[in-house]
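What follows is each chain in one-letter form.
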Amino acid sequence: MLQIEHVAKSFSGFMAITNANLTVPKGQVVAVIGPNGAGKSTLFNLITGHLHPDKGLITFKGEEIGELSPHDICLKGIARSFQLINIFPRLTTFENVQVAVLARNRKTNKLFTPVRKLLIEETDSVLEKLGLIPYRERLCSSLSYGDQKVLELAIALGSQPEILLLDEPTAGMSPEETRTIVKLIKNLSQNEGLSILLTEHDMELVFDVAQRLMVLHQGQTIAEGSPNEVRRDKAVQNAYLGETG
Ligand code: ADP
Ligand code: MG
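Along each chain, the written sequence defines residue order, and numbers are assigned to residues from 1. Going through the entries in the order they are written, you letter the chains from A and number the ligands from 1. Per-residue local features of the predicted model are confined to residues with pLDDT of at least 70, and side-chain atom pairs are confined, for both listing and counting, to 80 or more; whole-chain, interface and lining totals are unaffected and use all residues. Excluding hydrogens and water, the side-chain values take into account all heavy atoms of the structure.

Looking at an unreviewed UniProt entry, one finds the protein named ABC transporter family protein, with Candidatus Desulfosporosinus infrequens as its source organism.

Undergrad: For the packing of helix α3 (residues 93–105) against helix α5 (residues 145–158), give the residues involved together with the corresponding values.
TA: Between α3 and α5, whose axes approach to 7 Å, the crossing angle comes to 20°. Considered as vectors, α3 and α5 are oriented roughly parallel to each other. The two elements α3 and α5 cross, and the hand of that crossing is right-handed. Where α3 approaches α5, its residues Thr93, Asn96, Val97, Ala100, Val101 and Arg104 are matched on the opposing element by Leu151, Ala154, Ile155 and Gly158. Between N-to-C directions, angles span 0 to 180 degrees; the directions come from axes that are lines fitted to C-alpha atoms, helices contributing only their stretch in contact. In this text, helices come from DSSP runs of H or I with a minimum length of four residues, and strands from runs of E with a minimum of two, each type numbered from the N-terminal end. Oblique is the label for every angle not falling under 35 degrees (roughly parallel), over 145 degrees (roughly antiparallel), or within 65 to 115 degrees (roughly perpendicular). Handedness of a helix crossing follows the sense of rotation of the near helix relative to the far helix, less than a right angle counterclockwise being left-handed and clockwise being right-handed. The contact criterion used throughout is that any non-hydrogen atoms of two residues lie within 4.5 Å.

Undergrad: Now, about helix α6 (residues 175–192): what can you tell me, with residues and values included?
TA: Multiplying 1.5 Å by the helix residue count minus one yields the expected span of that helix. For α6, spanning 18 residues, the distance from its first C-alpha to its last is 25 Å, which sits close to the expected 26 Å at 1.5 Å a residue. Burial classes: relative accessible area under 20% of the type maximum marks a residue as buried, over 50% as exposed, and values in between as partly exposed (1.4 Å probe, protein chains only). Looking only at α6, the buried set comprises Thr178, Ile181, Val182, Leu184, Ile185, Leu188 and Ser189. For α6, the angular spread of the buried residues around the axis is 160°, confining them to a single face. Across from the buried face of α6, at angles greater than 90 degrees, the exposed residues are Pro175, Glu176, Arg179, Lys183, Gln190 and Asn191. Looking at the residues trailing α6, positive phi occurs at Gly193, about 70°. Throughout, the arc means that of the directions going from the helix axis to the C-beta atoms.

Undergrad: Quick rundown of the side chain of Ser195? Include the residues and the values.
TA: Among the structural elements, Ser195 can be located in strand β8 (residues 195–199). For Ser195, a relative accessible area of 0% translates into the label buried. Here a polar contact means two N or O atoms within 3.5 Å. Within protein one must be a hydrogen donor candidate and the other an acceptor candidate, and residues neighboring in sequence count only if both atoms are side-chain atoms. In this structure the side chain of Ser195 is engaged in a polar contact, spanning 2.9 Å, whose partner is the backbone nitrogen of Gly27. Dropping the residues within four chain positions of it, Ser195 is found in contact with Met1, Val24, Pro25, Lys26, Gly27, Gln28, Glu162, Ile163 and Leu164.

Undergrad: Give a description of the site of ligand 1 that names residues and reports values.
TA: We call a residue near a molecule or strand whenever a single non-hydrogen atom of that residue lies within 4 Å of it. Taken together, Phe11, Phe14, Ala16, Pro35, Asn36, Gly37, Ala38, Gly39, Lys40, Ser41 and Thr42 form the complete shell of residues around ligand 1. Between ligand 1 and Gly39 there is a distance of 2.9 Å, counted from an oxygen atom to a backbone nitrogen or oxygen. At 2.8 Å from an oxygen atom of ligand 1 is found a main-chain nitrogen or oxygen belonging to Lys40. In this description, accessible areas are obtained by the Shrake-Rupley approach with a 1.4 Å probe, and a residue is regarded as covered only by the protein chains that are shown. In isolation ligand 1 exposes 560 Å². Once the protein is present, 59% of that is buried. Elements that contribute at least two residues to the shell around ligand 1 include exactly β2 (14–24) and α1 (40–47). For the shell around ligand 1, the leading source of residues is α1, giving 3 residues. Only Asp, Glu, Lys and Arg are considered charged in this grouping, and only Ala, Val, Leu, Ile, Met, Phe, Trp, Tyr, Cys and Pro are considered nonpolar; every other residue, Gly among them, is considered polar. Class assignment for the residues of the shell around ligand 1 results in 5 nonpolar, 5 polar and 1 charged.

Undergrad: So, the pairing of strand β7 (residues 163–167): which residues are in play, and what are the values?
TA: Here β7 lies mainly inside the structure; 5 of its 5 residues are buried. Along β7, one buried face is formed by Ile163, Leu165 and Asp167 and the opposite face, lined by Leu164 and Leu166, is buried too. At least two DSSP bridges between two strands are needed for those strands to be called paired. Examined bridge by bridge, strand β6 (residues 78–81) and β7 share 4 bridges and lie parallel to one another. Residue pairing for β7: Ala79 is matched across the bridge by Leu164. In the sheet, β7 pairs with β8 via 5 bridges, with the strands oriented parallel. Bridging from a neighbouring strand, Ile163 pairs with Ser195 of β8.

Undergrad: Just give me the short version of unusual backbone geometry, but keep the residues and values in it.
TA: One non-glycine residue, His6, lies in positive phi territory at about 50°. With respect to the helices, strands and loops of the structure, His6 is situated in strand β1 (residues 2–11). In the Ramachandran plot, Gln218 falls in the positive-phi region, its phi being about 50° despite a non-glycine side chain. Here Gln218 is to be found in the loop between β9 (212–217) and β10 (220–225).

Undergrad: Residue-level account of the nonpolar core, with values.
TA: Residues Val97, Leu130, Leu151, Leu164, Ile196, Leu198 and Leu213 are the most contacted members of the largest nonpolar core, which totals 45 residues. With 7 residues, the single largest contributor to this core is α5. Sequence-distant contacts of Ile196, that is, excluding residues within four places in its chain, are made with Gln28, Val29, Val30, Leu164, Leu166, Ile185, Leu188 and Ser189. Judged by nonpolar contacts, the second largest core, of 25 residues, contains Leu2, Ile17, Leu197 and Met214. Definition of nonpolar core: a set of buried residues of the types Ala, Val, Leu, Ile, Met, Phe, Trp, Tyr and Cys, connected through side-chain atoms within 4.5 Å.

Following this line, the structure appears as structure tokens:
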């Protein structure tokens with residue numbers, strides 16, 4: 001689905017990414033792990049077109065996307081949630097998701113169903129998948145932090161992506177909120193066939209949800225494979241897992 005080969009990116013001389021390599025197969029949950037400053041968010045910005053690589057290839061379903069704009073990449077089927085909450089606080093839960101659904105539907109032409117009705121059904125189906133129907137009419141500013149993070153997921157799903165990028169989806173969450181997010185991530189990949197790429201600090205969680213891991217260390221991919229392969233990798237043990245116990 002998504003392939004990154006020998007990608008590099010520097011910021012005015014500082015090499016944030018020196019050599020990143022990553023494969024995201026269809027329908028799998030893949031985690032990028034690595035300490036703070038390893039370049040995980042930069043990598044996500046490269047995939048979503050917010051940054052462009054200096055070197056290397058980023059291909060989505062066989063097509064090179066490294067030079068495309070965020071808007072075009074979103075229309076191709078790559079969506080993301082940000083590390084910081086990114087919603088419209090004065091809109092309701094329903095309205096927030098509808099904005100995303102609307103943006104995508106501008107490109108589609110369904111001739112025989114009234115557009116308004118379609119958008120309502122589509123928006124509600126996203127809310128339903130994420131358990132947000134009870135909060136449908138609530139102003140987003142009144143939702144708990146955990147529910148706002150779930151809403152962010154819903155907004156990302158509103159564009160009907162084939163791959164979803166989640167940058168630290170459980171950051172700042174209580175254990176219970178974290179369990180909810182983990183359940184949703186598993187559900188979206190297993191039942192909806194969505195490919196999910198995420199970054200995460202909590203190793204236990206990563207080994208629980210991901211079928212595939214990539215370890216980024218100082219901007220470089222030092223290991224990639226199944227959780228067990230990565231766990232046994234000597235370079236990983238030295239560079240990362242050792243430090244966190
Ligand atoms: P991570 O998400 O793994 O914590 P980041 O991708 O945010 O890491 O950052 C990787 C490195 O690149 C850090 O040293 C960070 O300070 C630097 N960096 C990230 N974005 C920029 C930018 N826009 N300009 C300059 N340096 C940046
Ligand atoms: Mg980051």
